[in-house]
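Survey of secondary and tertiary structure
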Amino acid sequence: MLDGRPLIDVHLHPAHRAGLKVPWDVWLQDFDRAEVDDLYDGDRVVAERFDALLEREGVDVAVVLAEYSPRVTGTQAVEDMAALVGPRVRFAANVNPHVHFPVDEELVRQLDLGAVALKVHPVHGGFAVDDRALYPAYAICQERGLPVVVHCGTSTFPGALNRYGDPVLLDNVLRDFRRLQIVLAHGGRGWWYDAAAFLALSNPNVWIELSGLPPSRLPTYYARHNWNRLSRRMIFGTDWPGIPGIAANARAVAALLPDDATRDLVLAGNASQVYRLDLPSGTIS
């Protein structure tokens, strides 16, 4: 818990260093390299050290992300993320239609390992989120009640195709999968804050996820929308390790929220509902 309140971070990248294509300092974006380095034994994060970091930061549940984007960032295999699972850690699946065929069989394989969500990364993977090759995966997620996390916003990594970050590409998906929960990772970062906010406010199955967004700038990014209403559609995530700190971000976000009920939703409640995450006993008063 953080300051007496449950905390869920749904967006962390404890990278397997041998799988990275980008240089290590670029991956870290110059944030607290020594602390992150201490988590490693060789190329791999040590699960016990990672759990201890999360505990120090007040995180009750964390979701770590696999990624298959060999052109841009490299490959973070689902098996490497599954190796970190414990009482505090869960992981999300990832499929790329340029890498996996058929995607439904690969998704089922990853779900059988214990994935709690599906992440798709059009900007790094080089595909549109409404590519029909992904539809079998979306159908599985809708049937099983699992969220699809979509990278929604720009990326500065070399080779990223930012045109695929446009939320308008979700229009067909939302029409064709009306019960699918969709989480907009990075909340429209760069050019699409208004579009992401509109989707979240107009569709009860769409959520704004805050990873990679400086908390102090959130009211400016979403200035054209009712902040009190929109903030209730948000889910806390950090994009660790490219941030100053998880607890620091969580406290900064909490300070912007209008009331305790909204703080409970953003910091843990919405994630618990959408990702179907059980908080450890003793974290709910």
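Everything below is about the structure printed above this text.
The shown structure was predicted, so the numbers you read here are calculated from the model rather than taken from an experiment.

Here the focus is the pattern of salt bridges. As enumerated under the stated definition, the model contains eleven salt bridges in all. Residues Asp 260 and Arg 5 are paired through a salt bridge, measuring 3.1 Å at the closest nitrogen-oxygen approach. Here Asp 260 is found in helix H13 (residues 260–274), whereas its partner Arg 5 is found in the segment before strand E1 (8–12), with 255 residues between them in sequence. Relative accessible area serves as the criterion here: at 45%, Asp 260 is assigned to the partly exposed category. For Glu 79, the salt bridge goes to Arg 109, with nearest N and O atoms at 2.7 Å. Here Glu 79, found in helix H4 (residues 78–82), pairs with Arg 109, found in helix H5 (residues 103–112); they are 30 residues apart in sequence, far enough to count as distant. Since its relative accessible area comes to 34%, Arg 109 is described here as partly exposed. Put simply, Arg 5, Asp 260, Arg 263 and Asp 264 are held in one network by salt bridges that share partners.

Time to look at the pairing of strand E9 (residues 148–153). Burial runs high along E9: six of the six residues are buried. Bridge count for strand E8 (residues 118–120) against E9 is three bridges, and the pairing is parallel. From the neighbouring strand, Val 120 faces E9, where its bridge partner is Val 150. Once the chain exits E9 it traverses helix H8 (residues 171–176) before rejoining the sheet at strand E10 (residues 182–189), and the crossover so formed is right-handed.

Taking strand neighbours across the sheet as the criterion, the eight strands line up as E1-E4-E7-E8-E9-E10-E11-E12 in an open arrangement whose pairing is parallel. Edge positions in the sheet fall to E1 and strand E12 (234–235), since each has one partner strand and no second. Two strands pair when backbone bridges link them, and E9 and E10 are joined in this way by five bridges, in the parallel orientation. Looking across to E10, one finds that His 151 is bridged to Ala 185.

A regular strand places its side chains on the two faces of the sheet in alternate fashion. Burial within strand E4 (residues 61–65) is extensive, with five of its five residues counted as buried. Of the two faces of E4, the one carrying Val 61, Val 63 and Leu 65 and the one carrying Ala 62 and Val 64 are both buried. Taken together, the three bridges between E1 and E4 define a ladder with parallel strand orientation. In the sheet register, Asp 9 faces E4, and the bridge partner there is Ala 62. Two elements, E4 and strand E7 (residues 89–94), share four bridges in a ladder whose sense is parallel.

What follows deals with the nonpolar core. In this structure, Phe 50, Val 120, Tyr 138 and Tyr 222 are the most contacted members of the largest nonpolar core, which totals 82 residues. Beyond its immediate stretch of four places on either side in the chain, Tyr 138 contacts Val 120, Val 129, Val 148, Val 173, Phe 177 and Leu 180. Judged by nonpolar contacts, the second largest core, of 19 residues, contains Val 63, Ala 268, Val 274 and Tyr 275.

Thresholds, definitions, all that
- Residues numbered from 1 in each chain as written.
- Predicted model: local features only at pLDDT ≥ 70, side-chain atom pairs only at ≥ 80, totals over all residues.
- Heavy atoms only, no water.
- Salt bridge = Lys/Arg side-chain N within 4 Å of Asp/Glu carboxyl O.
- Helix = DSSP H or I, 4+ residues; strand = E, 2+ residues; numbered from the N terminus.
- Buried < 20%, exposed > 50% of the residue type's maximum accessible area, 1.4 Å probe, protein only.
- Pairing = 2+ DSSP bridges.
- Right-handed = clockwise from strand over helix to strand, strands pointing away.
- Core = buried A, V, L, I, M, F, W, Y, C linked by side-chain atoms within 4.5 Å.
- Contact = heavy atoms within 4.5 Å.

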